[in-house]
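Secondary and tertiary structure notes
So you can see what is in the structure, the chains are spelled out below.
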Amino acid sequence: MRPIAETVESLRRASEFANLIVVGAKIPGFENLVEEDQDQASRVLIKLLKDGKVDGIVRGQVKDSFTLDEFHRQFSRQPLPSNRKVCPCVLSKLDYCFVVGTCSIYQGMTLEDKIFEAERLIRYLREEFKIEPKIGIMSSLRPTSHHGNYPELDRVADLNTKFCEYLVSKGLEAKEYYFEYETAVWEKCNLIFPATGLVGNAWLKALIYLGDWNMIACPYVDLGVIYEDGSRNEKDFFWHIVHAVAMANSDKK
């Protein structure tokens, strides 16, 4: 929708790996489906997928929830509750890479929600990357913090302690890092769960837009299609496209 120079250049680099159809703004050198209205662009994007005219989609700069709801409408499916959407974000900087869970504002508000997402993301790491998870659990308070002053902070701290205890009881390598994300990174956790989705959403945006981290993959899992998500304000979509290509060719190895 916003053909800024960085985005156009990322599409040109990605065109080495895929035949691209650009929905939205007209970009010279590509097959274009010009659509200035953002919601209509989402409908066109999903219809390409529904009609089998593309192998997969990268959402890009159109709305996230609207586009996913449009997917469910066109594919005649019941929309998933917001706390049951699993969309791992894979972040990379230099030689370090990890998966982030609980980065939608609606996720991680209950123990049940955290366990649901964690079990799916653990499978994701094992099945897609053949990696055994080393899990960092974030929280609102350290054990030495002032507990009892703010009920919501206490609730979140108790929630994440129980979450960590559950994962450890399942034989997983999991540890609470409270709000010391840097320690989780230094200790090479490859799966990090922020305290709640509200925190995780802001933290993820800070890493991408202020901290020079790259989001190299963000697939919706269990939809039965190749649907690469991300953040609509990203400028470089190269890795999202390459990851969609990798998913399309996963059976070929």
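Parameters at a glance
- Residues numbered from 1 in each chain as written.
- Predicted model: local features only at pLDDT ≥ 70, side-chain atom pairs only at ≥ 80, totals over all residues.
- Heavy atoms only, no water.
- Helix = DSSP H or I, 4+ residues; strand = E, 2+ residues; numbered from the N terminus.
- Rg over C-alpha atoms; globule rule 2.2 N^0.38 Å.
- Buried < 20%, exposed > 50% of the residue type's maximum accessible area, 1.4 Å probe, protein only.
- Contact = heavy atoms within 4.5 Å.
- Areas by Shrake-Rupley, 256 points an atom, 1.4 Å probe, with all protein chains shown as cover.
- Lys, Arg positive; Asp, Glu negative; His and termini not counted.
- Charge placed at Lys NZ, Arg CZ, Asp CG, Glu CD.
- Core = buried A, V, L, I, M, F, W, Y, C linked by side-chain atoms within 4.5 Å.
- 1 Å grid on protein atoms, 1.4 Å probe; cavity = no way out; pocket = protein on both sides within 12 Å on 5 of 7 lines; lining within 4 Å.
- Points joined across faces, edges and corners; volume = space filled by probe spheres on them.
- Nonpolar A, V, L, I, M, F, W, Y, C, P; charged D, E, K, R; others polar.
- Salt bridge = Lys/Arg side-chain N within 4 Å of Asp/Glu carboxyl O.
- Phe/Tyr/Trp six-rings, centres within 6.5 Å; stacked < 30°, edge-to-face > 60°.
- Lys NZ or Arg CZ within 6 Å of the ring centre and 35° of its normal.
- Axes fitted to C-alpha atoms, helices over the stretch in contact; angles between N-to-C directions.
- Parallel < 35°, antiparallel > 145°, perpendicular 65-115°, else oblique.
- Left-handed = near helix turned anticlockwise from the far one by under 90°.

1. Overview of the overall build of the chain
For the chain, the helix and strand inventory stands at 8 helices and 10 strands. Against the 2.2 N^0.38 benchmark of 18 Å for 253 residues, the chain shows a C-alpha radius of gyration of 19 Å, consistent with a compact globule. Seen along its three principal axes, the alpha-carbon backbone of the chain occupies a region of about 60 × 40 × 35 Å. Within the chain, buried positions represent 48% of all 253 residues. Summarising the internal contacts of the chain: among those between residues at least 6 apart in sequence, 65% fall at separations of at least 24. When the accessible surface of the chain is split by element, carbon and sulfur atoms take 53% of a total near 13,200 Å². The chain carries 32 positive and 37 negative side-chain charges, and their two centres are separated by 2 Å.

2. What to know about the nonpolar core
By size, the foremost hydrophobic cluster in this structure holds 36 residues, and its most contacted members are F71, L91, F98, V100, I192, L204 and Y227. Put simply, the parts of the chain that give this core at least two residues each are α2 (38–50), α3 (64–74), β4 (89–93), β5 (96–100), α6 (181–186) and α7 (197–209). For L91, the residues in contact, after removing those within four places along its chain, are Y96, C97, F98, V100, L204, L207, I208, W213, N214 and M215. Grouped together as the second largest cluster of nonpolar side chains are 20 residues, I115, A118, I122 and V221 included.

3. As for the layout of surface pockets
A probe as big as a water molecule, rolled over the atoms, marks out the empty space that is left. Taken as a whole, the largest pocket spans an internal volume of roughly 790 Å³. If you trace the largest pocket, you find 34 residues lining it, with L20, I21, G56, V58 and I241 closest to the centre. For the lining of the largest pocket, the elements supplying multiple residues, two or more each, are α1 (5–14), β1 (21–24), α2, β3 (57–58) and α8 (238–248). Per-element tally for the lining of the largest pocket: the top contributor is α8, with 4 residues. Grouping the amino acids of the lining of the largest pocket by side-chain chemistry returns 24 nonpolar, 6 polar and 4 charged.

4. Focus on the pattern of salt bridges
Under the criterion given, the structure shown has 14 salt bridges. D51 serves as the salt-bridge partner of K47, at 2.6 Å between the closest nitrogen and oxygen. A relative accessible area of 38% places D51 in the partly exposed class. With a shortest N-O distance of 2.8 Å, R120 and D222 are connected by a salt bridge. On the criterion of sequence distance, the pair formed by R120 in helix α4 (residues 111–129) and D222 in the loop between β9 (214–217) and β10 (227–228) is long-range, its members being 102 residues apart. On the accessibility criterion, R120 (12% relative accessible area) is buried. Residue classification places D222 among the exposed residues on the basis of a relative accessible area of 56%.

5. Quick word on the packing of aromatic side chains
Any two aromatic rings considered together are summarised by their centre-to-centre distance and by the angle between their planes. In total, this model carries 12 aromatic pairs according to the counting rule given. Judged by centre distance (5.4 Å) and plane angle (75°), the ring pair of F98 and W213 falls under edge-to-face. Of this pair, F98 sits in strand β5 while W213 sits in the loop between α7 and β9, placing them 115 residues apart in sequence. An angle of 80° between the planes, with centres 5.1 Å apart, marks the rings of F238 and W239 as edge-to-face. Among the residues examined, W239 registers a relative accessible area of 44% and is labelled partly exposed. An aromatic cluster is defined as three or more aromatic residues linked by ring pairs; in this entry it consists of Y96, F98, Y181, W203 and W213. Here K63 stacks its cationic end above the ring of F66, 5.8 Å away from the centre of that ring. If you follow R84 out to its NZ or CZ, it ends over the ring of F116, 4.2 Å from the centre.

6. Focus: the packing of α4 against helix α5 (residues 151–169)
Interaxial distance between α4 and α5 falls to 10 Å at its minimum, and their mutual angle equals 40°. The angle between the axes of α4 and α5 places the two elements in the oblique class. Helix-helix and strand crossings are classified by hand; for α4 and α5 the assignment is right-handed. Counted together, L111, K114, I115, A118, E119 and I122 of α4 and L159, N160, K162, F163, Y166 and L167 of α5 form the full contact between these two elements. The residue inventory of the contact of α4 with α5, partitioned by class, reads 8 nonpolar, 1 polar and 3 charged.

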